[in-house]
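Each chain, written out:
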Amino acid sequence: MKDTTLDQNEVALTERLLQIAKMELREDKCTRDQCLEQFRNWLAKNEDVQNVRIDDNFLLRFLRAKKFSVPMAEQTLLKFLNLRRSFPHLSTNLDILDASLNDVITSGYIFASPKRDRNGRRVVIINAHHFNAKQYTAVEQAKAHFLTYECLMEDPHTQVTGIVHIGDCSGVTAAHVTNWNPTEFARVFRWGEQSLPLRHKQIHLINVPSTLKWALDFLKNRVNPKIGSRINVFTNHKEMQKTIDNECLPLEMGGTMPQKEMIELWMQELQKKRDLIVRLDEMRLITDRGIQRRSSYNNEKSSQQPTFVSQIESIEGSFRKLEFD
């Protein structure tokens, strides 16, 4: 007789989400239980990590992102910890009570819409013109992103369905680009794609300045081809609204709920998850010897091609010469 009881992981998901998890992630109770056990056994024996969370929800973020391939989930966890160890000034101390970080979030630079799209995905709104690049640096900017993603990764629903990004590039200035050290940007950009267990379903960009389009094309060619194919560039809000559910958008972008209300709800969500996110800093990666390296990331495909860092430096140099209104 088939066991119809639900474990706590299934209780957190609706019947529709369970179907999505089964179809897209190969997830069911048997697979989930076996993989969680294997994951915990590996962690218990691993001397390269310390104080790593072993609760179902934390481990499932990695298993779901890698469609329940335990070896791939283990690698992603190690890379996740290595990212935090290598860039602690950008990815740790993600406390919403920090005055600067709180100000960046409440200003409307980055927040998640309280309304999911028709596919159940969270929609992350990014407004470049709301980030004061003269007052804040790349540190506050990066922390705002990491805080947003950490909060979203705690949600089992979002672990299954993924997220959609909407970036409004209007108001981008030279300071937004030159705030970043090009070498550090290149590494964080590259490592972040490999290390954060997020399912990036769509990336929609609007109001992209002509001076940024060639840089965007360059970045699209450097990310995972699957993610690159999901990047869409629109000339205005109306064009984008044909692709995304309007209810997910703030009123200012053609939706129904004022952006201010969306931000207030997002702040409440961040505050509820604050303790979980702050405690992530207790985890440690002692050594990165267990991380498998991609040869393509260690060597350029051709010695004739400029490196990722050199091209980013070219972008930065170009922006230093530009004048913005």
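Here is what the cut-offs are and how they apply
Residues numbered from 1 in each chain as written. Predicted model: local features only at pLDDT ≥ 70, side-chain atom pairs only at ≥ 80, totals over all residues. Heavy atoms only, no water. pLDDT = per-residue confidence, 0-100. Contact = heavy atoms within 4.5 Å. Helix = DSSP H or I, 4+ residues; strand = E, 2+ residues; numbered from the N terminus. Buried < 20%, exposed > 50% of the residue type's maximum accessible area, 1.4 Å probe, protein only. Lys, Arg positive; Asp, Glu negative; His and termini not counted. Salt bridge = Lys/Arg side-chain N within 4 Å of Asp/Glu carboxyl O. Phe/Tyr/Trp six-rings, centres within 6.5 Å; stacked < 30°, edge-to-face > 60°. Polar contact = N/O pair within 3.5 Å; in protein donor to acceptor, adjacent residues only side chain to side chain. Pairing = 2+ DSSP bridges. Axes fitted to C-alpha atoms, helices over the stretch in contact; angles between N-to-C directions. Expected span 1.5 Å × (residues − 1). Arc of directions from axis to C-beta.

Caption draft 1: Representation of the confidence of the model for the chain in the model. Confidence along the chain averages 85 in pLDDT terms, with 84% of residues attaining 70 or more. Across residues 296–306, where pLDDT falls below 50, the model places nine contacts with residues more than four positions away in sequence or in other chains. Counted against residues more than four places away or in other chains, residues 319–325, with its pLDDT under 50, gives 12 contacts.

Caption draft 2: Inspection of the side chain of Lys79 at higher detail. By the secondary structure assignment, Lys79 is in helix H5 (residues 70–86). Buried and unpaired, Lys79 has no salt bridge, with Glu193 as the nearest side chain of opposite charge at 10 Å. Setting aside chain neighbours within four positions, we find Lys79 in contact with Gln194, Ser195, Ile291 and Gln292.

Caption draft 3: How the structure looks around the packing of aromatic side chains. Scanning all chains against the criterion turns up six aromatic pairs. Aromatic side chains Phe58 and Phe62 sit 5.2 Å apart centroid to centroid with 70° between the ring planes, which places their arrangement in the edge-to-face category. Note that Phe58 and Phe62 are positioned in helix H4 (residues 56–65) at a spacing of four residues, about one turn of the helix. For Phe62, a relative accessible area of 0% corresponds to the buried category. Grouping aromatic residues by their ring pairs yields a cluster made of Phe58, Phe62 and Phe80.

Caption draft 4: The side chain of Asn127, seen in detail. By the element assignment, Asn127 lies in strand E3 (residues 122–127). The class for Asn127 is buried, based on a relative accessible area of 2%. One polar contact links the side chain of Asn127 to the main-chain carbonyl oxygen of Gly108, over a distance of 3.1 Å. Every residue in contact with Asn127, bar those within four places of it in the chain, is listed here: Gly108, Tyr109, Phe111, Asp168, Met253 and Gln259.

Caption draft 5: Main features of the pattern of salt bridges. The tally for this structure, following the rule as stated, stands at 21 salt bridges. In this structure, Arg61 and Glu150 form a salt bridge, with 3.1 Å as the shortest nitrogen-oxygen distance. Here Glu150 lies in helix H8 (residues 138–153) and Arg61 lies in helix H4, a separation of 89 residues in the sequence. An identical accessibility class is assigned to Arg61 and Glu150; each is buried. Here Arg293 makes a salt bridge to Asp288, at a shortest N to O gap of 2.8 Å. The partly exposed category is assigned to Arg293, whose relative accessible area is 46%. Under the relative-accessibility criterion, Asp288 is labelled partly exposed at 26%. Beyond isolated ion pairs, a larger network of salt bridges with shared partners links Arg53, Asp55, Arg61, Arg84, Glu150, Glu154 and Asp281.

Caption draft 6: Broad picture of the sheet that holds E3. Taken in spatial order, the five strands make up an open sheet running E2-E3-E4-E5-E6, and their pairing is mixed. Two strands bound the open sheet, and with one partner strand each, they are strand E2 (110–112) and strand E6 (231–234). With direction set aside, neighbouring strand axes in the sheet form an average angle of 15°. Judged from the four bridges that link them, strand E5 (residues 200–206) and E6 form a sheet pairing that is parallel. Among the inter-strand pairings, His204 is bridged to a residue of E6, identified as Asn232. Against the sheet, helix H15 (residues 259–272) touches E2 and E3, its axis set at about 80° to E2.

Caption draft 7: Summary view of H4. Of all 10 residues in H4, nine are buried; the element is thus mostly enclosed. A positive backbone phi angle near 50° is found at Lys67, which sits one or two residues after H4.

Caption draft 8: Helix H3 (residues 29–45), seen in detail. For H3, which comprises 17 residues, the first-to-last C-alpha distance of 25 Å matches the rise-based estimate of 24 Å (1.5 Å per residue) to within 8%. All of the buried residues along H3 are Arg32, Cys35, Leu36, Phe39 and Leu43. Taken around the axis of H3, the buried residues stretch over an arc of 105°, which confines them to a single face. For H3, the exposed residues set more than 90 degrees away from the buried face come down to Glu37, Ala44 and Lys45. Structurally, the start of H3 carries an N-cap: the backbone nitrogen of Cys30 is 3.2 Å from a side-chain oxygen of Asp28.

Caption draft 9: Here's a closer look at the pairing of strand E4 (residues 163–168). Counting buried residues in E4 gives six out of six residues, a clear majority hidden from the surface. Burial along E4 is two-sided: Ile163, His165 and Gly167 facing one way and Val164, Ile166 and Asp168 facing the other are all buried. Note that E3 and E4 share six bridges and pair parallel. Within E4, the position partnered with Ile125 by the bridge is Ile166. Here six bridges tie E4 to E5, and the two strands are oriented parallel to one another. Looking at E5, one finds that His165 is bridged to Ile203.

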